[in-house]
Amino acid sequence: MPNSVKNTTFVSLLDLIAPHSCRGCGCLGNILCDRCKNNIISSHINICPICKTINPTGKCSRCSNFPPTFVVDEKSTLIGELLQTYKYQSVRALAKPLAEILFHILPQTPHKTQQIIVPLPTISKHIRERSFDHTYLIAKSLAKLSGPNCQVQKILLRNQNTVQVGADRNTRLIQAKSAYTISPHIDIDPNATYILLDDVWTTGASMQSAIKKLQQAGANNLKIAILALSRID
Ligand SMILES: [Zn+2]
Ligand SMILES: [Zn+2]
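Notes on the structure follow.

Reading the values: rules and limits
- Residues numbered from 1 in each chain as written.
- Chains lettered and ligands numbered in written order.
- Predicted model: local features only at pLDDT ≥ 70, side-chain atom pairs only at ≥ 80, totals over all residues.
- Heavy atoms only, no water.
- Donors = N, O, S within 2.8 Å, 3.2 Å for Na, K, Ca; no water.
- Tetrahedral: all angles 85-135°; square planar, octahedral: opposite > 155°, others 65-115°.
- Helix = DSSP H or I, 4+ residues; strand = E, 2+ residues; numbered from the N terminus.
- Buried < 20%, exposed > 50% of the residue type's maximum accessible area, 1.4 Å probe, protein only.
- Axes fitted to C-alpha atoms, helices over the stretch in contact; angles between N-to-C directions.
- Parallel < 35°, antiparallel > 145°, perpendicular 65-115°, else oblique.
- Left-handed = near helix turned anticlockwise from the far one by under 90°.
- Contact = heavy atoms within 4.5 Å.
- Nonpolar A, V, L, I, M, F, W, Y, C, P; charged D, E, K, R; others polar.
- Phe/Tyr/Trp six-rings, centres within 6.5 Å; stacked < 30°, edge-to-face > 60°.
- Lys NZ or Arg CZ within 6 Å of the ring centre and 35° of its normal.

Quick look at the coordination of the zinc ion (ligand 1) now. The zinc ion (ligand 1) binds to the protein through Cys22 (SG), Cys25 (SG), Cys33 (SG) and Cys36 (SG); the donor distances cover 2.3 to 2.4 Å. Classification of the site at the zinc ion (ligand 1) as tetrahedral follows from its 4 donor atoms and the range of 106 to 113° in their angles at the metal. Written as a sequence motif, the donor residues of the zinc ion (ligand 1) are C-x2-C-x7-C-x2-C. Residue cysteine 25 is found in the loop between helix 1 (3–17) and helix 2 (34–42), and its partner cysteine 36 is found in helix 2; the two are separated by 11 residues along the sequence. A relative accessible area of 36% means that cysteine 25 is categorised as partly exposed.

Quick look at the structure:
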């Protein structure tokens, strides 16, 4: 039996035996209690993932060509632990609180503006292993919170099933360059606000490739949302 299946079964059994406990502080009740969730939101300091300077507005003055970017926190903090649990133990219940955190750190879009969340496509092998698409699930939850003018569109398609986990920086950069194409079934609305969503920024190669594709396709008003920033580079 593959490890992922064993883990999923184990967690499901645990959840049957014991009620949800907060993955931040252990208190019983929710998978992430309000106090831990609010701590993450209130301690949020927006850091540019490229030059690592603090930029509260999302728009980095040093990286002028880069779209406004919103990062919850570094991967070494609670947000990183939550993502590990969510992805590798398939704890789907974390999708909603993770989306709530993102909702609070993202700037409000004017009421009538059409808002489209674009999840960075997950490698199909990972979806099969985890039995769910982790980024898509967060995107769906975030769209629900954002109201009737917000929807999720799978605009980006992954060209090849190259696996990035463990790959070095150069390999990732080469893989990322040709990683995505725009879905032929979706028209880009030049007046809409697009939010490109990914869970972890490591080298940023995937995101930069995806940003380029979306901009070339006409997504002029683009924002980037990332849950955790990894400092390995
Ligand atoms: Zn807690
Ligand atoms: Zn910057």
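We now examine the packing of helix 4 (residues 95–105) against helix 6 (residues 134–146). Running from N to C, helix 4 and helix 6 point in directions that differ by 55°, and their axes come no closer than 8 Å. Classed by the angle they form, the pair helix 4 and helix 6 counts as oblique. Viewed along their axes, helix 4 and helix 6 form a crossing whose handedness is right-handed. Together, Ala95, Lys96, Leu98, Ala99, Glu100, Leu102 and Phe103 of helix 4 and Leu137, Ile138, Ser141, Leu142, Leu145 and Ser146 of helix 6 make up the contact between the two elements. Among the residues making up the contact of helix 4 with helix 6, the classes are represented as 9 nonpolar, 2 polar and 2 charged.

Its place among the elements puts threonine 135 in helix 6. For threonine 135, a relative accessible area of 3% corresponds to the buried category. Once you skip the residues sitting within four places of it in the chain, threonine 135 turns out to touch Pro119, Leu120, Thr122, Leu197 and Asp198.

Despite not being glycine, serine 90 shows a phi value in the positive range, around 50°. Position of serine 90 among the secondary structure elements: in the loop between helix 3 (78–88) and helix 4. Phi angles above zero are rare outside glycine, and serine 131 is one such case at about 65°. Among the secondary structure elements, serine 131 is positioned in the loop between helix 5 (124–130) and helix 6. Judged by its relative accessible area of 41%, serine 131 falls in the partly exposed class.

Looking at the metal site, the zinc ion (ligand 2) is ligated by Cys48 (SG), Cys51 (SG), Cys60 (SG) and Cys63 (SG), spaced 2.2 to 2.3 Å from it. Around the zinc ion (ligand 2) sit 4 donor atoms, and with donor-metal-donor angles ranging over 99 to 113° the site reads as tetrahedral. Mapping the donors of the zinc ion (ligand 2) onto the primary sequence gives the spacing C-x2-C-x8-C-x2-C. Here cysteine 48, found in the loop between helix 2 and strand 1 (69–74), pairs with cysteine 63, found in the loop between helix 2 and strand 1; they are 15 residues apart in sequence, far enough to count as distant. Here cysteine 48 and cysteine 63 have matching classes, each one buried.

What follows deals with helix 3. Buried residues of helix 3: Ile79, Gly80, Leu82, Leu83, Thr85, Tyr86 and Lys87, and no others. The positive-phi residue at the C-terminal boundary of helix 3 is serine 90, with phi of around 50°.

Applying the stated criterion across every chain yields a total of 2 aromatic pairs. Plain terms: the ring middles of phenylalanine 66 and tryptophan 201 are 6.0 Å apart, the flat faces sit at 85° to each other, and that makes the pair edge-to-face. In this pair, phenylalanine 66 is assigned in the loop between helix 2 and strand 1 and tryptophan 201 in strand 6 (residues 193–201), connecting sequence segments 135 residues apart. Grouping residues by exposure puts phenylalanine 66 and tryptophan 201 together as buried. For the ring pair tyrosine 86 and phenylalanine 132, a centre distance of 5.2 Å and an interplane angle of 70° mean the geometry is edge-to-face. You can see tyrosine 86 sitting in helix 3 and its partner phenylalanine 132 sitting in the loop between helix 5 and helix 6, a full 46 residues away along the chain. We note lysine 154 situated over the ring of tyrosine 136; from NZ or CZ to the ring centre the distance is 4.1 Å.

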